[in-house]
Structures are given as C-alpha cells and as structure tokens.
Amino acid sequence: MIDQLFEFVQNHPLLVAAFLAVLTAWLLYELRNANAGGVTTSEATQMVNREDAVILDVRDKNDFKAGHIAGARNIPQSSLDSRFNELDKVKASPIVVVCKHGQSSGAVAAKLKKAGFERVFKLKGGMTQWQTDNLPIVKK
C-alpha cells in the first residue's frame, strides 16, 4: 500500500504538488478565519453581563420571532444599510452580530467596523450554536 503511494507521487508530481498547495491554502484560510473577531456563546454572555454588549440579530423577521437572544435588536442584513442610524447610540459599546449559522455575520461585522463601530464581534456558530449550548431564547 505504501509502495503504491510512493509510486503515485513519483508518477504524478504536479498533481500531488497542486493537492498540497490547495490543502495548505485551505488550512491557512481556516486558521485565519477561525479566530477573526468571533466570540463563543459564553464569551458573548460575559460581554452582555459585564460590558452591556449589544446583540445585533441580522436574521430575517420571521426567524427572529421564532426565537432570539433576550434583548437582541433585529436589523435584517438586507436592510442594514438603511438602518445604520439605529445603532448610532451604541457605537462605543461592544456589538455581537448574530446570524443563523455564524457565516454571514462576519460580513456584517466587517461592514460595521468600516462604518466606525469600534468593538464588533460575530457569534461563532450563530443562533444554531446558541441553541445547541441550551442557552435561553425568547419567542415573540
């Protein structure tokens, strides 16, 4: 089995090099983005309790009504540009951006930072992780 692997590597050096390059690029991307401004559910809870952090839920209105973090503000990602002024009062406060799975909140956090918000974080795993950790949600 090992002999076949070495034979394959010798017969296809460009294919193996391309695979290693893609693997390395993917690993670097994942490592860089894994810690890029994201907070865990426990860190978000501590920020709310200790620093009066604002929870900004960017899911659509129906998802928000189905269950959200207590005290969260709902500004859907699609209408964020027109509703920036609602966040002016909390510009100096930490803001934790929450989406469904923690994927689109990074783009919103970057947009907020570009707009001058100082301390913006995304919730790793989004509401899915919040519910997986059995943390309380409010339904309206």
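Sequence order sets the numbering: in each chain, residues are counted from 1 along the sequence as written. In view of the model being predicted, local features appear only for residues whose pLDDT reaches at least 70, and side-chain atom pairs are presented and counted only at 80 or more, with totals across whole chains, interfaces and linings using the full set of residues. As a rule here, side-chain values cover all heavy atoms of the structure and leave hydrogens and water aside.

Asker: Tell me about the packing of aromatic side chains, residues and numbers included.
Answerer: To describe a pair of aromatic rings, one takes the distance between the centres and the angle between the planes. Stacked, edge-to-face and tilted are the three classes for Phe, Tyr and Trp ring pairs, Trp counted by its six-membered ring, which pair at centre distances within 6.5 Å; planes under 30 degrees apart are stacked, over 60 edge-to-face, the rest tilted. All chains considered together, the criterion is met by one aromatic pair. For the ring pair Phe84 and Phe117, a centre distance of 6.3 Å and an interplane angle of 25° mean the geometry is stacked. Within this pair, whereas Phe84 is found in the loop between strand 3 (73–74) and strand 4 (95–98), its partner Phe117 is found in the loop between helix 5 (105–114) and strand 5 (120–123), the two being separated by 33 residues in sequence. Taken as a pair, Phe84 and Phe117 share a single burial class, namely buried. Over the face of the ring belonging to Phe117 we find Lys91, whose NZ or CZ atom lies 5.3 Å from the ring centre. Each helix is a run of DSSP H or I of at least 4 residues and each strand a run of E of at least 2, with the numbering of both proceeding from the N terminus. Burial classification: accessible surface area is computed with a 1.4 Å probe over protein chains only, and a residue below 20% of its type maximum counts as buried, one above 50% as exposed, and the rest as partly exposed. Throughout this description, the term charge over a ring refers to an Arg CZ or Lys NZ atom that lies within 6 Å of the ring centre and within 35 degrees of the ring normal.

Asker: Report on the sheet that holds strand 4, specifying residues and quantitative values.
Answerer: Pairing is parallel in the open sheet, where five strands are placed in the order 1-5-4-2-3. Only two strands of the sheet have a single partner each, and these edge strands are strand 1 (38–39) and strand 3. Between any two strands, pairing holds if DSSP finds at least two bridges. Sheet analysis places strand 1 next to strand 5, joined by two bridges and oriented parallel. Across the sheet, Gly38 pairs through a bridge with Lys122, a residue of strand 5.

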